[in-house]
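This is what each chain is made of:
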Protein chains: 2
Amino acid sequence: MSHATLTAAGLAALLGPDPTGGDGPAYRLLATRLRTLIGDGRVPSGARLPSERQLTDALAVSRTTVTRAYAVLRDSGYLTSRAGSGSVARVPGDPIPTHGPLLSRPAGEDVIDLTYAALPATPGVLEAYERALTELPRHLAVPGYHPVGLSETRAAVARWFERRGLPTDPDQIVVTNGANAALAAVTAALAKPGQHAVMETPTYPNAIHTLRAAGTRPIGVPLAGDDWDLTSIRRTLARSRAVVGYALPDFHNPTGALLSETGRAELADIYDRAGAWLVVDETFADLALDGQQQTGPTALHGAGRVISIGGTSKAFWGGLRVGWARLPQDPDLVDRVVRARHNLDLGTPVLEQLVAATLLDDAATLVPRRVEILRAQRSALVDALRNRLPEWQFRMPSGGVNLWVTLPKARSSALAAAGTGLGLRLAAGGRFAVDGGFESHLRLPYTLPPDRLIEAVERMALAWASTAEAGGPQDPWPPLVA
Amino acid sequence: MSHATLTAAGLAALLGPDPTGGDGPAYRLLATRLRTLIGDGRVPSGARLPSERQLTDALAVSRTTVTRAYAVLRDSGYLTSRAGSGSVARVPGDPIPTHGPLLSRPAGEDVIDLTYAALPATPGVLEAYERALTELPRHLAVPGYHPVGLSETRAAVARWFERRGLPTDPDQIVVTNGANAALAAVTAALAKPGQHAVMETPTYPNAIHTLRAAGTRPIGVPLAGDDWDLTSIRRTLARSRAVVGYALPDFHNPTGALLSETGRAELADIYDRAGAWLVVDETFADLALDGQQQTGPTALHGAGRVISIGGTSKAFWGGLRVGWARLPQDPDLVDRVVRARHNLDLGTPVLEQLVAATLLDDAATLVPRRVEILRAQRSALVDALRNRLPEWQFRMPSGGVNLWVTLPKARSSALAAAGTGLGLRLAAGGRFAVDGGFESHLRLPYTLPPDRLIEAVERMALAWASTAEAGGPQDPWPPLVA
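None of the values given here were measured: they were computed from a predicted structure. (Residues numbered from 1 in each chain as written. Chains lettered and ligands numbered in written order. Predicted model: local features only at pLDDT ≥ 70, side-chain atom pairs only at ≥ 80, totals over all residues. Heavy atoms only, no water.)

Asker: Lay out the overall build of chain A in plain terms, naming residues and giving numbers.
Answerer: When its secondary structure is counted, chain A shows 15 helices and 15 strands. For a compact globule of 482 residues, the expected C-alpha radius of gyration is about 23 Å, and chain A comes in at 23 Å, within 12% of that figure. In terms of overall dimensions, chain A has C-alpha extents of about 75 × 50 × 40 Å along its principal axes. Within chain A, the proportion of its 482 residues that are buried is 64%. If you take every contact in chain A between residues at least 6 apart in sequence, the share linking residues at least 24 apart comes to 77%. Across chain A, the 48 positively charged side chains and the 47 negatively charged ones have centroids separated by 6 Å. (Helix = DSSP H or I, 4+ residues; strand = E, 2+ residues; numbered from the N terminus. Rg over C-alpha atoms; globule rule 2.2 N^0.38 Å. Buried < 20%, exposed > 50% of the residue type's maximum accessible area, 1.4 Å probe, protein only. Contact = heavy atoms within 4.5 Å. Lys, Arg positive; Asp, Glu negative; His and termini not counted. Charge placed at Lys NZ, Arg CZ, Asp CG, Glu CD.)

Below is the structure:
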């Protein structure tokens, strides 16, 4: 199995400013921080670290500090050295158990479920169903199989891209049963089982599982704090010979990060040069919350190896299961994806496609209502957390539906377990890791009404207190998910 | 790659009565008939034939006849002998090209498309949408992800099974995006890539492709004329160690054959003994056309290794993409299938599920209307064929939507090609073969209005005449799809 290759600059970004600051010898403080990153999954187990010399330069510390820090990590089993591979991060002991997909489960009346990030329907969705129903009769006269999509829906999706500044022919659109189904079809069409797929870590858990189910082997390249470590992505692509990648540049799930215009251009260029396909998930693209202008679609860049996927679930309603893939102008490629989708399902329901077309054309009216709701909910969650759990850290996301919280202790799994007893379902940070870890993180979607979010934080504070009471090391050393 | 194992009785059934009758030496006539079966795919390339002694007994001919017939086949490359495997059928020359899935494509106004077997919506479908829409508002208040299915839809599917005499708990039902999506999910949950899957040949082409896409290796066991060759299925399961099988006992697609009650019991028992899962596709189960009583579901039999899949496409409308899997009582098994489906799509649209629940509960009223329409269309097609192409042979199917025609010459592909120029799309017999062949067969769905079917037969007669004029051998030797 191939893994990520981390650059010195990428690792320096993960370490943050002053990586040797604090009480005690510099090499030991650096080793502790590196160990935390490895134990926490931000440096994935199996990732190649930069050489001592490269890291010395990037951190502007003494060579001895880095050499001794690496030695400490090697002695404690967090680093192995292999000829030809340099230093490789390792989590000592048993492999971290794999986690299941994030699955919505029926919850009792008083259970608050924050494991998945989805909202009730936007106001206006019912009217869209009613309008679509008036168009249904003429479709009832034909068999109703449309594996590529209804022409009116493909056209509406194409217009959605046009409004975002990306010229699109309806022939480039395949309508699917949601964005995840688009990922499944595209991966089945473009990758062979056993080939690698590069993605961010943390990332959307269902994408990890869908890529694995398609037989590919995902490699997680860590986000460098709030930004993309493009050099590591480039190196990882080259070393792994991955044929496909998956990225969330538009209000990344779970972190909320947004990739800049120049970053998008560079990312597209990296995939062009690697001769690999980049699947960009634009599920959250419409949900800019601070009135800012939308960043242009990633497919504006590069020489035609970017495939955009998206759907109506986040901006409108998850119960409407319509998604799409926008492919480069290449009828043969469209044909391959349609054939692959046909092995998974034979088409998207006609009425749902009509509803989606209506909603997309009304997006300029409907999405602002959604944004308004999300802003209020984000405020409620943020205020409640600052009030009740002030030691929890997070960056205010400028879009999407998630807060990515850094806990003061690496106890995300214990917190989620404690929550269960208090009528609270939480997705621990590890759920979002390609190779395990993220035990000091937690994804909190602000997809419930303010009063529910406030109540959720109350329960979280209780759960957090109970995990702290349970004892255990007070130092920042991360207990591993054994 | 493993293949079917044919019993002497199964092969005798395929050969039909008097396999050595006609002008010329008996061994040569037998060899010609065997060659036709192999070239035509009814005996799949790679299938193990019975020993000479077994076949001699089954046919009640002289041992010399069989020995010499096998020798002729060996000399002409249609049979190979391998130590430990006995005699194996082979098509000489290049492997037969694989065919794509049956995909609905947009057709011009005057093109008659008989490549897929689907009808316009049944009268009553629009009303079901209208009724479902009145139930939608309460669902809009929640996120709308239901990877297992809405409880009301699961209950309606369970009632559908109950009415067919099979006690079913709603917890046994997973609602999917059509029957094919149910097959994809069940296969992903129960079979590992590389394992074998046993199915009938001919069979539903999209099932072949879905099983292949899931990484399994389909093995086709030929139908013995109008019946199932259960002994060959048993032997093939044992030899291939297949973990999963797929069967169409209810108005088999494409042949229309119906497996008897005792046959179903035996089939279920065979899978029990093999420790394999049998996926029974009941897509056509509701469509008994001659007023006969429905045969009970196959899952009534055996010790719990039968999984029933079905959907609303054939009985109601294909544009409503709702299907299901009915699993044995085992929460763990249900969980595995739900997780596998979650990697393909995240759930079935809420409104579609509400429509399906309504339609299933109204099936007793609505399905007879569908049956009435199909009976009229079947008559129109049958009459037109008998009139215009009296040399084409078929058995009148007692249910389903397809006629399986035996052409007087093995020219199905040429006929389909000639049809294209005449505004007629046909699915040649080879599309339904697991391992190629069926060149003297053609599936004709009676899913269009009578006038369109009559016009289709006119065009077919023209296309057929043009392929006959094109010359070629007049003897029954099958030209191979090279």
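Asker: How would you summarise the sheet that holds strand β14 (residues 427-428) of chain A if you had to cite specific residues and measurements?
Answerer: Residue and element names in this part refer to chain A. Taken in spatial order, the three strands of this open sheet run β12-β15-β14, and their pairing is antiparallel. With partners counted over all chains shown, the strands left at the sheet margins are β12 (402-406) and β14, one partner each. Inspection of the sheet shows β12 paired to strand β15 (residues 441-445) by five bridges, in the antiparallel sense. Each residue of the ladder has a partner; that of Leu403, found in β15, is Leu444. (Pairing = 2+ DSSP bridges.)

Asker: Outline the environment of Gly291(B), supporting the account with residue identities and numerical values.
Answerer: For Gly291(B), the position within the fold is in the loop between β9 (277-281) and β10 (306-311). C-alpha separation for the pair Gly291(B) and Ser232(B), spaced 59 residues apart in sequence, amounts to 32 Å.

Asker: I'd like a description of the sheet that holds strand β7 (residues 217-222) of chain A, backed by residues and values.
Answerer: Residue and element names in this part refer to chain A. In space, the seven strands of this open sheet follow the order β5-β11-β10-β9-β8-β6-β7, with mixed pairing throughout. Strand pairing shows two members of the sheet lacking a second neighbour, β5 (173-176) and β7, which therefore form its edges. Within this sheet the neighbouring strands show an average axis-to-axis angle of 20 degrees, counted without direction. Sheet topology note: the strand β6 (residues 196-201)/strand β8 (residues 244-247) ladder contains three bridges and is parallel. Looking at β8, one finds that Val198 is bridged to Gly245. (Axes fitted to C-alpha atoms, helices over the stretch in contact; angles between N-to-C directions.)

Asker: An account of the interface of chain B and chain A is requested, with residue identities and associated values reported.
Answerer: Each side of the interface is counted separately: chain B has 53 residues, and chain A has 53 residues. When chain B packs against chain A, close to 4,400 Å² is buried across both sides, 66% of that on carbon and sulfur atoms. When the buried surface of chain B facing chain A is broken down by residue, Leu140(B), Tyr145(B) and Asn343(B) rank first, second and third, together holding 15% of it. On inspection of chain B and its partner chain A, the count reaches zero salt bridges. Taken together, chain B and chain A are joined by 16 residue pairs in polar contact (both at pLDDT 80 or more). (Buried area = accessible area lost by both parts, 1.4 Å probe. Salt bridge = Lys/Arg side-chain N within 4 Å of Asp/Glu carboxyl O. Polar contact = N/O pair within 3.5 Å; in protein donor to acceptor, adjacent residues only side chain to side chain.)

Asker: Summarise the packing of aromatic side chains; cite the residues concerned and give the values.
Answerer: Applying the stated criterion to the full structure yields 14 aromatic pairs over all chains. Ring centres of Tyr145(A) and Tyr116(B) lie 6.1 Å apart, and the angle between their planes is 80 degrees; on these two criteria the pair is classed as edge-to-face. Taken together, the residues Tyr145(A) in the loop between α5 (125-140) and α6 (151-163) and Tyr116(B) in the loop between β4 (112-114) and α5 (125-140) connect one chain to another. Each member of the pair, Tyr145(A) as well as Tyr116(B), is classed as buried. Their ring planes at 65 degrees and their centres at 5.9 Å tell us that Trp404(B) and Phe438(B) sit as a pair that is edge-to-face. (Phe/Tyr/Trp six-rings, centres within 6.5 Å; stacked < 30°, edge-to-face > 60°.)

Asker: Describe the domain arrangement of chain A, and please don't skip the residues or the numbers.
Answerer: Residue and element names in this part refer to chain A. Assigned domains of chain A: these are domain 1 (8-89), domain 2 (112-121 + 365-466) and domain 3 (127-361). Contacts between the two partners involve nine residues from domain 1 and, on the opposite side, eight residues from domain 3. Taken together, the two surfaces of domain 1 and domain 3 that pack against each other cover about 540 Å², and 56% of this comes from carbon and sulfur. By the criterion of area lost to domain 3, the three top residues of domain 1 are Leu14, Pro44 and Arg48, representing 49% of everything that side buries. Put simply, domain 1 and domain 3 have zero salt bridges between them. (Domains from an automatic or database assignment.)

Asker: Give me the pairing of strand β11 (residues 323-326) of chain A: which residues, what numbers.
Answerer: Residues and elements named next belong to chain A. Here β11 shows a buried face lined by Gly323 and Ala325 and a second buried face lined by Trp324 and Arg326. Pairing between β5 and β11: four bridges, direction antiparallel. Residue Thr176 lies in a different strand from β11, and its bridge partner there is Gly323. Across four bridges, strand β10 (residues 306-311) lies against β11 in antiparallel orientation. Opposite Gly310, over in β11, you have Trp324 as the bridge partner.

Asker: With reference to specific residues and values, describe the relation of the copies chain B and chain A.
Answerer: Taken as rigid bodies, chain B and chain A are interconverted by a rotation of 180 degrees and an axial shift of 0.0 Å, the fit giving an RMSD of 0.1 Å. The operation mapping one copy onto its partner corresponds to a two-fold rotation axis. Considering only C-alpha atoms, the part of chain B nearest the rotation axis is Leu344(B), at 3.4 Å. Interface overlap between copies: 100% of the residues of chain B at the interface are likewise at the interface in chain A, consistent with a symmetric, same-surface contact. (Least-squares fit on C-alpha atoms with pLDDT ≥ 70 in both.)

Asker: Give me the packing of helix α9 (residues 230-240) of chain B against helix α10 (residues 261-274) of chain B: which residues, what numbers.
Answerer: All names here are of chain B. Packing of α9 against α10 leaves a shortest axis separation of 10 Å and a crossing angle of 10 degrees. As summarised for this structure, α9 and α10 are arranged roughly parallel, according to the angle between their axes. Here α9 contributes Leu230, Ile233, Arg234 and Leu237 to the contact with α10, which in turn contributes Gly263, Glu266, Leu267, Ile270, Tyr271 and Ala274. Residues belonging to the contact of α9 with α10 are distributed by class as follows: seven nonpolar, one polar and two charged. (Parallel < 35°, antiparallel > 145°, perpendicular 65-115°, else oblique. Nonpolar A, V, L, I, M, F, W, Y, C, P; charged D, E, K, R; others polar.)

Asker: An account of the side chain of Asn253(B) is requested, with residue identities and associated values reported.
Answerer: Residue and element names in this part refer to chain B. You can see Asn253 is positioned in the loop between β8 (244-247) and α10. Since its relative accessible area comes to 2%, Asn253 is described here as buried. Asn253 has contacts with Pro202, Thr203, Tyr204, Leu248, Phe284, Asn402 and Arg443, leaving out every residue within four places of it along the chain.

Asker: Summarise the packing of helix α6 (residues 151-163) of chain B against helix α12 (residues 350-361) of chain B; cite the residues concerned and give the values.
Answerer: Residues and elements named next belong to chain B. Running from N to C, α6 and α12 point in directions that differ by 25 degrees, and their axes come no closer than 8 Å. What the angle tells us is that α6 and α12 run roughly parallel. With respect to the hand of their crossing, α6 and α12 are arranged in left-handed fashion. In this structure, α6 uses Glu152, Thr153, Ala156, Val157, Arg159, Trp160 and Arg163 to contact α12, whose residues at the interface are Gln353, Leu354, Ala357, Leu360 and Asp361. (Left-handed = near helix turned anticlockwise from the far one by under 90°.)

Asker: Describe in detail α6(A), supporting the description with residues and values.
Answerer: Residues and elements named next belong to chain A. The end-to-end C-alpha separation of α6 is 18 Å, in line with the 18 Å expected for 13 residues at 1.5 Å each. Inspection of α6 places Thr153, Arg154, Ala155, Ala156, Val157, Ala158, Trp160 and Phe161 among the buried residues, and these make up the whole buried set. Remark: Gly165 follows α6 within two positions and exhibits a positive phi of approximately 95 degrees. (Expected span 1.5 Å × (residues − 1).)

Asker: Give a description of the pairing of β10(A) that names residues and reports values.
Answerer: All names here are of chain A. Taken across its six residues, β10 has six buried, putting it largely inside the fold. Residue alternation in β10 divides its side chains into two sets, Val306, Ser308 and Gly310 and Ile307, Ile309 and Gly311, and both sets are buried. Two strands pair when backbone bridges link them, and strand β9 (residues 277-281) and β10 are joined in this way by four bridges, in the parallel orientation. Considered in β10, the bridge of Leu278 is made with Val306.

Asker: Give me the lowdown on the pattern of salt bridges, citing residues and values where you can.
Answerer: Here the structure, examined in full by the defined rule, presents 36 salt bridges over all chains. Taking the shortest distance from any N to any O, the salt bridge between Asp361(A) and Arg159(A) comes out at 2.7 Å. Residue Asp361(A) is located in helix α12 (residues 350-361), and its partner Arg159(A) is located in helix α6; the two are separated by 202 residues in the primary sequence. When its relative accessible area of 35% is taken as the criterion, Asp361(A) is described as partly exposed. Owing to a relative accessible area of 37%, Arg159(A) belongs among the partly exposed residues under this scheme. The salt bridge partner of Arg74(B) is Glu52(B), with a shortest N-O separation of 3.8 Å. Of this pair, Arg74(B) sits in helix α4 (residues 63-75) while Glu52(B) sits in helix α3 (residues 52-59), and the two are 22 residues apart along the sequence. A relative accessible area of 18% means that Glu52(B) is categorised as buried.

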